[in-house]
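Coordinate inspection notes
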Amino acid sequence: MRTLCASTLIGEFFVIGFAGLVAMKDPDLSTSTVWTVCGIVMALSVLLCGVITRPGGVQLGWVLQVALIASGFVVPSMFFLGAIFAALWWASVHYGRKIDEAKARFAAQAEAQASAPAEAGGNPA
């Protein structure tokens, strides 16, 4: 799950940066405000890559997805991009968990097969 979620978050890092460039064209927003907010959110997306497997990591990811969609009020195209990344986030979490479960199941089977000949007391050859 970690790899899929981290890939989604890194993609969001770049999208947030590009959205900042678009938001700078808004005359109602100052450049410092845009880059302060974008910089904080970009840093959070990278930091979240490291804590995704800890308790609350996935929930923080969902908060980031909601923030991306809400940023559509400043940059309208972010409604669409935020929804796309929310779908990618869901897929990363959903399928990542399935992959992790399958890996654990295969590892348990391999361990059981490796220990079976040793329990029999004989040489596996």
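The paragraphs below set out a description of the structure included in this document. (Residues numbered from 1 in each chain as written. Predicted model: local features only at pLDDT ≥ 70, side-chain atom pairs only at ≥ 80, totals over all residues. Heavy atoms only, no water.)

Moving on, we get to the overall build of the chain. A count of helical and extended segments in the chain gives four helices and zero strands. Taken over the C-alpha trace, the chain has a radius of gyration of 21 Å; the compact-globule value for 125 residues is 14 Å, which it surpasses by more than 25%. Considering only C-alpha atoms, the chain reaches an extent of 80 × 25 × 20 Å along its principal axes. Among the 125 residues that make up the chain, the fraction classed as buried is 29%. Here the analysis covers contacts within the chain between residues at least 6 apart in sequence; of these, 64% occur between residues at least 24 apart. With the model as given, the accessible surface of the chain reaches about 7900 Å², and the carbon-plus-sulfur share is 70%. Taking the 7 positively charged and 7 negatively charged side chains of the chain as two groups, their mean positions are separated by 3 Å. (Helix = DSSP H or I, 4+ residues; strand = E, 2+ residues; numbered from the N terminus. Rg over C-alpha atoms; globule rule 2.2 N^0.38 Å. Buried < 20%, exposed > 50% of the residue type's maximum accessible area, 1.4 Å probe, protein only. Contact = heavy atoms within 4.5 Å. Areas by Shrake-Rupley, 256 points an atom, 1.4 Å probe, with all protein chains shown as cover. Lys, Arg positive; Asp, Glu negative; His and termini not counted. Charge placed at Lys NZ, Arg CZ, Asp CG, Glu CD.)

To find leftover empty space, a probe the size of one water molecule is rolled over the atoms. Its volume calculated, the largest pocket comes out at about 330 Å³. Among the elements of the structure, helix H1 (2–23), helix H2 (31–51) and helix H3 (57–70) are those that each provide at least two residues to the lining of the largest pocket. The dominant element in the lining of the largest pocket, judged by the number of residues it contributes, is H2, at five residues. Of the residues in the lining of the largest pocket, the class split is 13 nonpolar, three polar and no charged. Taken together, Val41, Leu44, Leu48, Val51, Leu60, Val63, Leu64 and Ala67 form the lining of the second largest pocket. Of all the secondary-structure elements, those providing two or more residues to the lining of the second largest pocket are H2 and H3. (1 Å grid on protein atoms, 1.4 Å probe; cavity = no way out; pocket = protein on both sides within 12 Å on 5 of 7 lines; lining within 4 Å. Points joined across faces, edges and corners; volume = space filled by probe spheres on them. Nonpolar A, V, L, I, M, F, W, Y, C, P; charged D, E, K, R; others polar.)

Taken N-terminus to C-terminus, the directions of H1 and H3 make an angle of 25°; their axes are 12 Å apart at the nearest point. Judged by the angle between their axes, H1 and H3 are roughly parallel. As H1 packs across H3, the resulting crossing turns out to be left-handed. In this structure, H1 uses Leu9, Glu12 and Ile16 to contact H3, whose residues at the interface are Leu64, Gln65 and Leu68. Broken down by class, the residue content of the contact of H1 with H3 amounts to four nonpolar, one polar and one charged. (Axes fitted to C-alpha atoms, helices over the stretch in contact; angles between N-to-C directions. Parallel < 35°, antiparallel > 145°, perpendicular 65-115°, else oblique. Left-handed = near helix turned anticlockwise from the far one by under 90°.)

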